[in-house]
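Residues per chain are reported as follows:
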Amino acid sequence: MCGLADVGSSLRGQGQQQLGSWSLHWSGAAEDTPAQHWQPSVGLLLSNQAATALTDIQCLGPRLLKARFAGSTSLTLLVCYAPTSQYPEQQAEFFAQLAEAASTVPKREALLVLGDFNSRVGTASRSDPYHGCCLGNFGAGERNASGEQLLQVCSELGLCVANSYFQHKAAHTYTWLNPSGRSTPVIDYILTRPGSLNSLQDVRVHRHGNLLAPAAGSISDHHLLVGTLQLKLKGRSRQQRQPR
């Protein structure tokens, strides 16, 4: 499964599309939104195996999608696309919506929150209040105000930034290439509960991965962030599957 930020402003409302052996679920701007140059959207790309384990999907607006899967442990996935710091009111609204969506997931279930957060959480020394609870030993870069806001949400929800718990060289850490080419910050993250860290075997960037390029006809300025999760999904019977 693959969470996607900015799947295309032409995809309005919510829907599903088959792309070969994969299915794309998306949540975009309202269908009656006036046409503009660009509108935010999020998507979830599922393999056939993952699609059969999908039990529920909720499109919570153009910046947040929630999906639940049956497995050895039930898994809830939140796919996010946060506004940039240029829009502080929208950013605050997004983090409030994210906190509300994540807080409804039962503690006994696995939770992954992933996407483009447009935030830099940076590194954490041992004296940092977020060290050990929200951030591991392998953060990168400097923290900005948006990163502080994201970490506050993580602290309130009991989430940690999984990227920072796995050590990799810089080329497999930085997720975004600034158009100027002068900086390569980390703004894409996988968040999870501390109890699920044992199920995450790795989180790293794959610099040559661009799944949507053939379909969208464009190249992303983000590198593909991959988390390897050890979790057995359970397919549903035909009677349980949602109609297409």
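1. Observations regarding the side chain of Glu109
Now for step 1: Of note, Glu109 is situated in the loop between helix 2 (88-103) and strand 8 (110-116).
Now for step 2: What makes Glu109 buried here is its relative accessible area of 7%.
Now for step 3: Those residues in contact with Glu109, other than ones at most four positions away along the chain, are Arg68, Thr73, Ser74, Thr76 and Arg193.

2. What to know about the nonpolar core
Now for step 1: Core analysis: the biggest nonpolar cluster contains 30 residues, and Leu78, Leu98, Val113, Phe117, Leu150, Tyr189 and Leu191 have the highest contact counts within it.
Now for step 2: Those elements that provide at least two residues to this core are strand 7 (75-81), helix 2, strand 8, helix 3 (145-157) and strand 10 (188-192).
Now for step 3: The element best represented in this core is helix 2, accounting for 6 residues.
Now for step 4: Leave out the neighbours within four places in its chain, and Leu150 touches Phe95, Phe117, Ser119, Val121, Tyr189 and Leu191.

3. A few points about unusual backbone geometry
Now for step 1: For Asp6, which is not a glycine, the phi torsion comes out positive at approximately 65°.
Now for step 2: Residue Asp6 is classed as partly exposed on the basis of its relative accessible area of 34%.
Now for step 3: In this structure, Asn118 takes a positive phi of about 45° despite not being glycine.
Now for step 4: Here Asn118 shows up in the loop between strand 8 and helix 3.
Now for step 5: Residue Asn118 is classed as buried on the basis of its relative accessible area of 17%.

4. Structural notes on the sheet that holds strand 7
Now for step 1: What the 6 strands build is an open sheet, ordered 5-6-7-8-10-9; its pairing is mixed. Two strands bound the open sheet, and with one partner strand each, they are strand 5 (54-59) and strand 9 (160-161).
Now for step 2: Two strands pair when backbone bridges link them, and strand 6 (residues 64-69) and strand 7 are joined in this way by 6 bridges, in the antiparallel orientation. Residue pairing across strands places Lys66 opposite Leu78, the latter belonging to strand 7.
Now for step 3: Contacting strand 6, strand 7 and strand 8, helix 2 crosses the sheet at an angle of about 175° to strand 7.

5. Thoughts on the confidence of the model for the protein
Now for step 1: Averaged over the protein, the pLDDT score is 87; the fraction of residues at 70 or greater is 88%.
Now for step 2: The weakest mean pLDDT in the protein belongs to helix 4 (residues 213-216) at 44; the strongest belongs to strand 9 at 98.
Now for step 3: Across residues 211-217 the pLDDT falls below 50, and counting only partners more than four positions away or on other chains, this stretch makes 7 contacts in the model.

Criteria and cut-off values
- Residues numbered from 1 in each chain as written.
- Predicted model: local features only at pLDDT ≥ 70, side-chain atom pairs only at ≥ 80, totals over all residues.
- Heavy atoms only, no water.
- Helix = DSSP H or I, 4+ residues; strand = E, 2+ residues; numbered from the N terminus.
- Buried < 20%, exposed > 50% of the residue type's maximum accessible area, 1.4 Å probe, protein only.
- Contact = heavy atoms within 4.5 Å.
- Core = buried A, V, L, I, M, F, W, Y, C linked by side-chain atoms within 4.5 Å.
- Pairing = 2+ DSSP bridges.
- Axes fitted to C-alpha atoms, helices over the stretch in contact; angles between N-to-C directions.
- pLDDT = per-residue confidence, 0-100.

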